[in-house]
There are 4 protein chains.
Amino acid sequence: MTNKTLIEEMKARVFAANLALPDAGLVKLTWGNVSEINREAGVIVIKPSGIPYNVMRVQDMVVTDLSGKLLEEGGLRPSSDLATHVELYKAFKEMNSVVHTHSKNAVTWAQAGREIPAYGTTHADTFYGVVPCTRQLTAAEVASAYELETGKVIVETFIDSGIDPLAVPGVLVYGHGPFTWGTTPQKAVENSVVLDEIAEMACVTEVVNTRVLPIPQYLLDKHFFRKHGINAYYGQK
Amino acid sequence: MTNKTLIEEMKARVFAANLALPDAGLVKLTWGNVSEINREAGVIVIKPSGIPYNVMRVQDMVVTDLSGKLLEEGGLRPSSDLATHVELYKAFKEMNSVVHTHSKNAVTWAQAGREIPAYGTTHADTFYGVVPCTRQLTAAEVASAYELETGKVIVETFIDSGIDPLAVPGVLVYGHGPFTWGTTPQKAVENSVVLDEIAEMACVTEVVNTRVLPIPQYLLDKHFFRKHGINAYYGQK
Amino acid sequence: MTNKTLIEEMKARVFAANLALPDAGLVKLTWGNVSEINREAGVIVIKPSGIPYNVMRVQDMVVTDLSGKLLEEGGLRPSSDLATHVELYKAFKEMNSVVHTHSKNAVTWAQAGREIPAYGTTHADTFYGVVPCTRQLTAAEVASAYELETGKVIVETFIDSGIDPLAVPGVLVYGHGPFTWGTTPQKAVENSVVLDEIAEMACVTEVVNTRVLPIPQYLLDKHFFRKHGINAYYGQK
Amino acid sequence: MTNKTLIEEMKARVFAANLALPDAGLVKLTWGNVSEINREAGVIVIKPSGIPYNVMRVQDMVVTDLSGKLLEEGGLRPSSDLATHVELYKAFKEMNSVVHTHSKNAVTWAQAGREIPAYGTTHADTFYGVVPCTRQLTAAEVASAYELETGKVIVETFIDSGIDPLAVPGVLVYGHGPFTWGTTPQKAVENSVVLDEIAEMACVTEVVNTRVLPIPQYLLDKHFFRKHGINAYYGQK
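So, here's what we can say about the structure. All figures in this text were calculated on a predicted structure; none of them were measured in a lab. (Residues numbered from 1 in each chain as written. Chains lettered and ligands numbered in written order. Predicted model: local features only at pLDDT ≥ 70, side-chain atom pairs only at ≥ 80, totals over all residues. Heavy atoms only, no water.)

1. So, the overall build of chain A
For chain A, the count of helices and strands is 7 helices and 6 strands. Moving toward the C terminus, one meets the helices and strands of chain A in the order α-β-β-β-α-β-α-α-α-β-β-α-α. In terms of C-alpha radius of gyration, chain A reaches 18 Å, essentially the compact-globule figure of 18 Å for 237 residues. Projected onto its principal axes, the C-alpha coordinates of chain A cover approximately 55 × 50 × 35 Å. Among the 237 residues that make up chain A, the fraction classed as buried is 59%. (Helix = DSSP H or I, 4+ residues; strand = E, 2+ residues; numbered from the N terminus. Rg over C-alpha atoms; globule rule 2.2 N^0.38 Å. Buried < 20%, exposed > 50% of the residue type's maximum accessible area, 1.4 Å probe, protein only.)

2. Topic: the relation of the copies chain D and chain A
Overlay of chain D on chain A (RMSD 0.0 Å): rotation 90 degrees, translation along the axis 0.0 Å. One copy is carried onto the other by what is essentially a four-fold rotation axis. For chain D, the minimum C-alpha distance to the rotation axis belongs to V207(D) and amounts to 5.9 Å. When the interface residues of chain D are mapped onto chain A, a mere 3% of them are again interface residues, pointing to distinct binding faces. (Least-squares fit on C-alpha atoms with pLDDT ≥ 70 in both. Contact = heavy atoms within 4.5 Å.)

3. With respect to the interface of chain C and chain D
Each partner contributes residues to the interface: chain C has 31 residues there, and chain D has 31 residues. Both sides together, the interface formed by chain C and chain D hides about 2900 Å², and carbon and sulfur atoms give 56% of it. Summed over the three residues of chain C that lose the most area to chain D, namely V208(C), Y218(C) and Q236(C), the buried surface amounts to 22% of that side. In this assembly, chain C and chain D are joined by 5 salt bridges. Salt-bridge contacts for E147(D) lead to R226(C); the nearest nitrogen and oxygen are separated by 2.7 Å. Linking chain C with chain D are 19 residue pairs in polar contact (both at pLDDT 80 or more). Contributing elements (two or more residues each) for the side of chain C that touches chain D: helix 4 (121-124), helix 6 (185-208) and helix 7 (217-227) of chain C. Broken down by element, the residue count for the side of chain C that touches chain D peaks at 11 residues, all from helix 6 of chain C. When the residues that make up the side of chain C that touches chain D are grouped by side-chain class, the tally is 15 nonpolar, 8 polar and 8 charged. (Buried area = accessible area lost by both parts, 1.4 Å probe. Salt bridge = Lys/Arg side-chain N within 4 Å of Asp/Glu carboxyl O. Polar contact = N/O pair within 3.5 Å; in protein donor to acceptor, adjacent residues only side chain to side chain. Nonpolar A, V, L, I, M, F, W, Y, C, P; charged D, E, K, R; others polar.)

4. Points about helix 2 (residues 82-91) of chain D
All names here are of chain D. Within helix 2, 7 of the 10 residues are buried, which leaves it mostly tucked inside the rest of the structure. Of all the positions in helix 2, only L82, T84, H85, V86, E87, L88 and Y89 are classed as buried. On its buried face, helix 2 sits against strand 1 (33-38), strand 2 (43-46), strand 3 (62-64), strand 4 (97-100), helix 5 (139-161) and strand 6 (177-182).

5. Remarks on helix 1 (residues 3-23) of chain C
Residues and elements named next belong to chain C. Taking 1.5 Å of rise per residue, 21 residues should cover 30 Å, and helix 1 covers 30 Å from first to last C-alpha, within 8% of that figure. Among the residues making up helix 1, those that are buried are L6, I7, M10, K11, V14, F15, A17, N18 and L21. The buried residues of helix 1 occupy an angular sector of 165 degrees when projected down its axis, which confines them to one face. One or two residues past the end of helix 1 sits G25, with phi positive at roughly 75 degrees. (Expected span 1.5 Å × (residues − 1). Arc of directions from axis to C-beta.)

6. Let's talk about the relation of the copies chain C and chain D
Taken as rigid bodies, chain C and chain D are interconverted by a rotation of 90 degrees and an axial shift of 0.0 Å, the fit giving an RMSD of 0.0 Å. When the interface residues of chain C are mapped onto chain D, a mere 3% of them again fall at the interface, so the copies present different faces.

7. Some words on the pattern of salt bridges
All names here are of chain B. Within this structure, the stated rule accounts for 52 salt bridges over all chains. Close ionic contact of E72 with K11 constitutes a salt bridge, the shortest N to O distance being 3.2 Å. Taken as a pair, E72 in the loop between strand 3 (62-64) and helix 2 (82-91) and K11 in helix 1 (residues 3-23) lie far apart in primary sequence, 61 residues in all. According to the relative accessible area criterion, K11 is buried, its value standing at 6%.

8. Describing the sheet that holds strand 3 of chain D
Residue and element names in this part refer to chain D. Taken in spatial order, the 6 strands line up as 3-2-1-4-6-5 in an open sheet, and their pairing is antiparallel. Both edges of this open sheet fall to strand 3 and strand 5 (170-173), since each of them pairs with a single strand only. For this sheet, the mean angle separating the axes of adjacent strands, direction not counted, is 20 degrees. With 4 bridges connecting them, strand 1 and strand 4 associate as antiparallel partners. Residue E36 lies in a different strand from strand 4, and its bridge partner there is S97. Where helix 2 meets the sheet, its contacts fall on strand 1, strand 2, strand 3, strand 4 and strand 6, and the angle it forms with strand 1 comes to roughly 40 degrees. On the sheet, helix 5 packs against strand 5 and strand 6 and is oriented at approximately 120 degrees with respect to strand 5. (Pairing = 2+ DSSP bridges. Axes fitted to C-alpha atoms, helices over the stretch in contact; angles between N-to-C directions.)

9. A short note on the interface of chain D and chain A
Listed by partner, the interface residues are 31 residues for chain D and 32 residues for chain A. Both faces considered, chain D and chain A share a buried interface measuring about 2900 Å² in area, 56% of it formed by carbon and sulfur atoms. When the buried surface of chain D facing chain A is broken down by residue, V208(D), Y218(D) and Q236(D) rank first, second and third, together holding 22% of it. Summed over the shared surface of chain D and chain A, the number is 5 salt bridges. Between R226(D) and D81(A) there is a salt bridge, and its shortest N-O distance comes to 3.3 Å.

10. Remarks on the environment of S80(B)
Relative to the elements of secondary structure, S80(B) occurs in the loop between strand 3 and helix 2. Judged by its relative accessible area of 12%, S80(B) is buried. Separated by 33 residues in sequence, S80(B) and K47(B) have C-alpha atoms that sit 9.5 Å apart. The contacts of S80(B), once residues within four sequence positions are left out, are R226(A), Y233(A), Y234(A), S49(B) and E147(B).

11. Notes on the side chain of H176(D)
Following the sequence through the fold, H176(D) ends up in the loop between strand 5 and strand 6. Side chain to side chain, H176(D) and H100(D) meet in a polar contact 3.2 Å long. Every residue in contact with H176(D), bar those within four places of it in the chain, is listed here: T121(C), T122(C), H223(C), H100(D), H102(D), V107(D), A110(D) and Y146(D).

12. Here's the deal with the packing of aromatic side chains
All told, the structure shown has 24 aromatic pairs over all chains when counted by the stated rule. Where Y128(B) meets F225(B), the ring centres are 5.1 Å apart and the plane angle is 65 degrees; that geometry is what we call edge-to-face. Here Y128(B) is found in the loop between helix 4 (121-124) and helix 5 (139-161), whereas its partner F225(B) is found in helix 7 (residues 217-227), with 97 residues between them in sequence. Since its relative accessible area comes to 27%, Y128(B) is described here as partly exposed. Between the aromatic rings of F158(C) and W181(C), the centroid separation amounts to 5.4 Å while the plane-to-plane angle is 65 degrees, which identifies the pairing as edge-to-face. Here F158(C), found in helix 5 (residues 139-161), pairs with W181(C), found in strand 6 (residues 177-182); they are 23 residues apart in sequence, far enough to count as distant. The same class applies to F158(C) and to W181(C), which are both buried. (Phe/Tyr/Trp six-rings, centres within 6.5 Å; stacked < 30°, edge-to-face > 60°.)

13. Points about the arrangement of the chains
There is a clear gap between chain A and chain C: no contact, and 12 Å between their nearest C-alpha atoms. Over all C-alpha pairs, chain B and chain D never come within contact, reaching a minimum spacing of 12 Å.

14. Some remarks on the environment of Q59(A)
Relative to the elements of secondary structure, Q59(A) occurs in the loop between strand 2 (43-46) and strand 3 (62-64). For the pair Q59(A) and Y119(A), spaced 60 residues apart in sequence, the C-alpha to C-alpha distance is 42 Å.

15. Details of the sheet that holds strand 1 (residues 33-38) of chain A
Sheet strands pair by backbone hydrogen bonding; their relative direction is either parallel or antiparallel. All names here are of chain A. One open sheet holds the 6 strands; their spatial order is 3-2-1-4-6-5, and the pairing between them is antiparallel. With one partner strand each, in any of the chains shown, strand 3 and strand 5 (170-173) form the two edges of the open sheet. Averaged over all pairs of adjacent strands, the angle between their axes in this sheet comes to 20 degrees, without regard to strand direction. Bridging between strand 4 (residues 97-100) and strand 6 (residues 177-182) involves 4 bridges; their strand directions are antiparallel. In the strand pairing of strand 6, S97 is matched with G182.

See the structure below:
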């Protein structure tokens, strides 16, 4: 496949994934962005900044190199969150797509500064344990290179906690909102859908039972590995 | 009717009932599954595992015998929850269809580990008393035959509590989510719709009045038997 | 106008108003019913019992006399709540249409057994003061003539509290749900829309401020009489 | 451009913005209104009072002078909130459009009588600090010139608090609901969308963490000025 064909295909996937966000009720106005990386071809494709979804076209997707430098002349400005995406791709080699939204329920946990406990199997089917929340960025971090530091604090959160970002494909940035990722843009979007759903479920669960406990580890194991890894038996072969 | 015609008709009903779940807002992604049993013909028809609703076809429905063994060569894998359905059909001879969802509000009560009290006539019209929540499965149960044991713990819940599964056509599996049933797939889906609705109503009712009490038995009797049994007078003859 | 033409027009209005309920998100399945009365012609037209909205036809509307006795041979059974409607029409001569739903938010206040306080002008624009909640029906009342007694306890609630049913065109029946009314089926449906909206707003308002107080009487007066009565100036002449 | 062409264009924008409100789920029935001002031409265009959205036509928009006096003979009555719009335009010379809704979540904060704290970057992207809530109007203010006084109390709220209405393009009127504004009707509507969204997020955030704190000033600065002012870098050039 030529590089040009490959980029066209990436643009098509990234475009479709971006449109899937308002369709799923996860973004309003121009909020949210999806990117895809191809490390071998050395390109990242990402949503342009601030373009309304109803006028955005597939050719508006922005192409950069692996450091986030624009590769196409005359193209639009990339999402202002590009540097966060780049930082995540550098740190986590297995993720090929990153999604950022301000989806309502995930945002409320990010604003509350709390990790989301694994209260049920809906959570366990996609996230193998708590969905972590980063620490708050410092004034110096925000002032220097905000979007880059947002990426760094996400990476730090996974390293410090020992959580595997492939087993927990999402995070809450303190006071901000969720990022999710996956092997494809579609998978990364699905993880955003699930994250918002379990965020709402977890909140209401605590209203229904103020002393609720997370599910036991053996049930978390069962559901996650029913869907992931070599012993998975959910879905078709 | 030949067995083949009968199976085609079951597939059509099961397919339609599965599609009704996302239409009713009860499932996201590939969550949820509906099955139908015909004990005389010795067949169960159930949704295939992990197929997106927008590409799923009527011929993709999976046919098994009464023990859950596949009857059609080259068919898709059945829902991973098949063993739970089989167990329920074995124990409760009057139910012809089972539905499982991760509908948001019913899940929150399952995650909270609480039965849903009968706070009003919306509840009483369909569920004759509390909608029970199972105990938590043990590590041994989850490790040995998870889906089968899920069915067993549901049956145990009804036997131990003395609740009649025909009068209360639904249950919450602890930390997981709801199962409902009925005489037809359509009826079983309707019971899932009602269960999610009353789950949300019950939660908000407790917010509006933290000391709310269930409705009295005579009102529960009145509304349930207005719609069910030989003295029912709701609907057309 | 002949009586036949008049009834056809009533059927059209009652049919449209019934369909407006699921469109407005106020009813699921076959819940909810609308009726209209014409006292001079001596007829009530009401929704048939238990017919799904998507197959219900205008000619299925049921015609009764002012006491609820069926006037058309071969017609469908009327809504099981007919006796409640009849009782309200008997007591309140100025209402020409009654609506009953199990709309989610209004039901939660009915289940909570609480009247809805007037927390804002959205409430005051339609309801001149608290929306009352009836007392609970006794076992004897439920056993004898449930739907009739439901009407009676609504009437009792307005008489005992001194609330004017024209100024507060709705009520919550304890443990059950809302009834609203108006001069036309469309107006009565609109009052159901408003009642559910203010029920949700009131609940969330109490979450945001656990010590919230109702708006002062002068603001209630201003907003209600801006829209109602001889000094109203909202809308077109 | 002739004055007539200018007014036609204003009507088109105001009409479209009014229709955008129910589309965005911000208004029910005939609630809500949008206006636009052109100070040089000396005209305000505003929604007519009480016309259902589905029958409202572009030519129904009402044209007034800068004091709110009708300019077109035979036109419809203007929104009953016109005097509030006029008062805001007089006080704040940089706003060209005002929007009023009874959107559910913003109303709950207005009814609760609380300003909305800046709990996250979704808030900070549009509102540079708390969204204030006015004091309650006095009986005398409500009795004398209610809609005018509503405008005055909004102006007073910004003056007394020192909040810049361009940096915080919205307010909650105590016991009533939100007003937002902007340089165009579209922008003013977008601000209503954001205000309702952050109102809901803030409420749920407090449920998830009862001791949540607002985001630090440096994060508020970063996000607001990423999108506004001479150093903004969000969106396209």
